[in-house]
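A look at the structure
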Amino acid sequence: MNNKNMKILHTSDWHLGQNFKNRSREQEHEKFLAWLIETIESKKIDILIVAGDIFDTANPPKYALTMYHDFLVKVIKTACSDVIIVAGNHDSVATLEVTKNFAKSLNIHIVATGEDIDETIVSIKKDDQLKAIVCAVPYLRDNIIRDANKSKNNKELENEYKEGMKQYYKNIYNKAKDISSNVPIIATGHFTTTGATVNPDSEREIYIGKLSDVDSEVLTSFDYVAMGHLHKSQQVGKHNHIRYSGSPIPLSFSEYNQTKSVIVVEFKDKNIENIEIIDIPLFKGIYRITGTIQEIKDELENINDKENKPFLDVVATNETLLDVDLKEFLNNTYDDGVDIISIQKEKKIEDRVLTDVEQDTKLEELDYLSVFEKRLEAEDSLVDNSDLKNKLINEYKVIVQELENEDK
């Protein structure tokens, strides 16, 4: 880290160990982490920030743990002087904290709960000189930010949650400022803010009563905010310094057309001098093809890859084609060059049916939210209107939880 400029690389939502319809993503993640090491070296990164959801489940498979620890061994051999890792809602506190004390001696700072606000504040130093302060805030569980009193109604819990988040970030910013107001004060977060675009297919809210987004204004005091939780790389509203890096690989078919990236932020003294979005290579194709059988055939010719079969979701618009014929045709004709995960036949809304290659999805197997979301997916007018779709989902969640509260 030189005397003036400092570079931060912001990434999140790795979801190591994820299976996509029983297909492993191990090779994609291995390639991403190798690419990330190369990027850290080529861009001369000083600080790496991973803003939550390192793993896909609380009990990740052994290979995912090995992959994570091997990456940390490699990153400390680069010129990157500090690594900040915070837990996301998918991460197990116990899993991340196993290596916490040992990692700290290597300037790898792991924050899993956020309960100790002093521990959450990380001072970044070079040659005993303070260079930056990172408020490494992980996914905050209810016991940290509010009293989830069961006697309170949904609106009261929601307001308490939002007020708790606001107060938490206010307190941690003030504590960081007391240390120094002459260096960049950087924060992390793992939740949904206002001004961000949510993909309801791949991002689920798990807070009780959390039916609306946290106001992004609670984050504006910081010099940069590295957000996790949402899988789409994006700036939050008009706030250039509040950003989601997004996931490094597509985690669902709803993300098939997203360009994945990491964010490099360069500071000169206390101010952001440059923000660079670096696209991540697509390590395995993932496609959703919609059209007539002939259009599907034409498109399949362009994406067949026997060495690295792309994941495929097919939506046929030919109503005269029987579902069984479509499945048999595609599996027999193209299974060598693509991995067909799901097949749908586009129908009228009232009789639209989803057929999975491996398992049929039955109505009784879905929860109320999934049923409603599938109904919205069938509405052509909402295909290109994600804002309205998200609003309808949030309103539906409010209605359902109010009904549930009335029954208690």
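Below is a short write-up of the structure. (Residues numbered from 1 in each chain as written. Predicted model: local features only at pLDDT ≥ 70, side-chain atom pairs only at ≥ 80, totals over all residues. Heavy atoms only, no water.)

Turning next to the overall build of the chain. A tally of helices and strands in the chain yields 11 helices and 18 strands. Here the chain holds 408 residues, and 50% of them are scored as buried. Partitioning the contacts of the chain with sequence separation of at least 6, the portion at a separation of at least 24 is 72%. (Helix = DSSP H or I, 4+ residues; strand = E, 2+ residues; numbered from the N terminus. Buried < 20%, exposed > 50% of the residue type's maximum accessible area, 1.4 Å probe, protein only. Contact = heavy atoms within 4.5 Å.)

Here we come to the sheet that holds strand 10 (residues 224-228). One open sheet accounts for 6 strands, arranged 7-8-9-10-12-11; its pairing is mixed. The strands lining the two open edges of the sheet, one partner per strand, are strand 7 (121-126) and strand 11 (234-236). When strand polarity is set aside, the average angle formed by the axes of neighbouring strands in this sheet is 30°. Here strand 10 runs beside strand 12 (residues 239-244); their pairing, made up of 3 bridges, is parallel. Paired with Met 227 across the strands is Tyr 244, a residue of strand 12. (Pairing = 2+ DSSP bridges. Axes fitted to C-alpha atoms, helices over the stretch in contact; angles between N-to-C directions.)

Tallied over the full model, the rule gives 10 aromatic pairs. Look at Tyr 173 and Phe 222: their rings are 5.2 Å apart centre to centre, the planes differ by 80°, and that puts the pair in the edge-to-face class. In this pair, Tyr 173 sits in helix 7 (residues 154-179) while Phe 222 sits in the loop between strand 9 (185-190) and strand 10, placing the two residues 49 residues apart along the sequence. You can call Phe 222 buried: its relative accessible area is 3%. An aromatic cluster is built from Tyr 168, Tyr 169, Tyr 173, Phe 191 and Phe 222, whose rings are joined through pairwise contacts. Looking at Lys 284, its charged tip hangs above the ring of Phe 311, at a distance of 5.1 Å from the centre. (Phe/Tyr/Trp six-rings, centres within 6.5 Å; stacked < 30°, edge-to-face > 60°. Lys NZ or Arg CZ within 6 Å of the ring centre and 35° of its normal.)

The next subject is a nonpolar patch on the surface. Together, Ile 76, Phe 102 and Leu 106 line one region of the surface with nonpolar side chains, adding up to about 280 Å² of accessible area. On the secondary structure map, Phe 102 appears in helix 4 (residues 100-104). Its relative accessible area of 60% is what places Phe 102 among the exposed residues. (Patch = residues over 30% accessible without salt bridge, like charges linked within 9 Å, V, L, I, M, F, W, Y side chains within 5 Å. Areas by Shrake-Rupley, 256 points an atom, 1.4 Å probe, with all protein chains shown as cover. Salt bridge = Lys/Arg side-chain N within 4 Å of Asp/Glu carboxyl O.)

Proximity of charged atoms lets side chains of opposite charge pair with each other. Here the structure, examined in full by the defined rule, presents 9 salt bridges. The salt bridge involving Lys 260 is made with Glu 255; its shortest N-O contact spans 2.8 Å. Both residues of the pair, Lys 260 and Glu 255, belong to the buried class. A salt bridge links Asp 313 to Arg 288; the nearest nitrogen and oxygen atoms lie 2.7 Å apart. With a gap of 25 residues between them, Asp 313 in strand 16 (residues 311-316) and Arg 288 in strand 15 (residues 286-291) connect regions that are remote in the sequence.

Let us look at the side chain of Thr 188. Along the polypeptide, Thr 188 turns up in strand 9. Only 2.7 Å separates the side chain of Thr 188 from the backbone nitrogen of Val 137, close enough to count as a polar contact. Once residues lying within four places of it in the same chain are set aside, the contact partners of Thr 188 are Ile 49, Val 86, Cys 135, Ala 136, Val 137, Tyr 169 and Ala 226. (Polar contact = N/O pair within 3.5 Å; in protein donor to acceptor, adjacent residues only side chain to side chain.)

In space, the 6 strands of this open sheet follow the order 6-5-4-1-13-14, with mixed pairing throughout. In this open sheet, the two strands that pair with only one neighbour each are strand 6 (108-111) and strand 14 (271-279). Going from strand to strand, the sheet's axes swing by 15° on average, the running direction of each strand aside. The pairing of strand 5 (residues 82-86) with strand 6 spans 4 bridges and is parallel. In the sheet register, Ile 84 faces strand 6, and the bridge partner there is His 109.

Further remarks concern a negative patch on the surface. On the surface, Glu 295, Asp 298, Glu 299 and Glu 301 cluster together into a negatively charged patch. Relative to the helices and strands, Glu 301 resides in helix 8 (residues 293-303). Since its relative accessible area comes to 53%, Glu 301 is described here as exposed. (Lys, Arg positive; Asp, Glu negative; His and termini not counted. Charge placed at Lys NZ, Arg CZ, Asp CG, Glu CD.)

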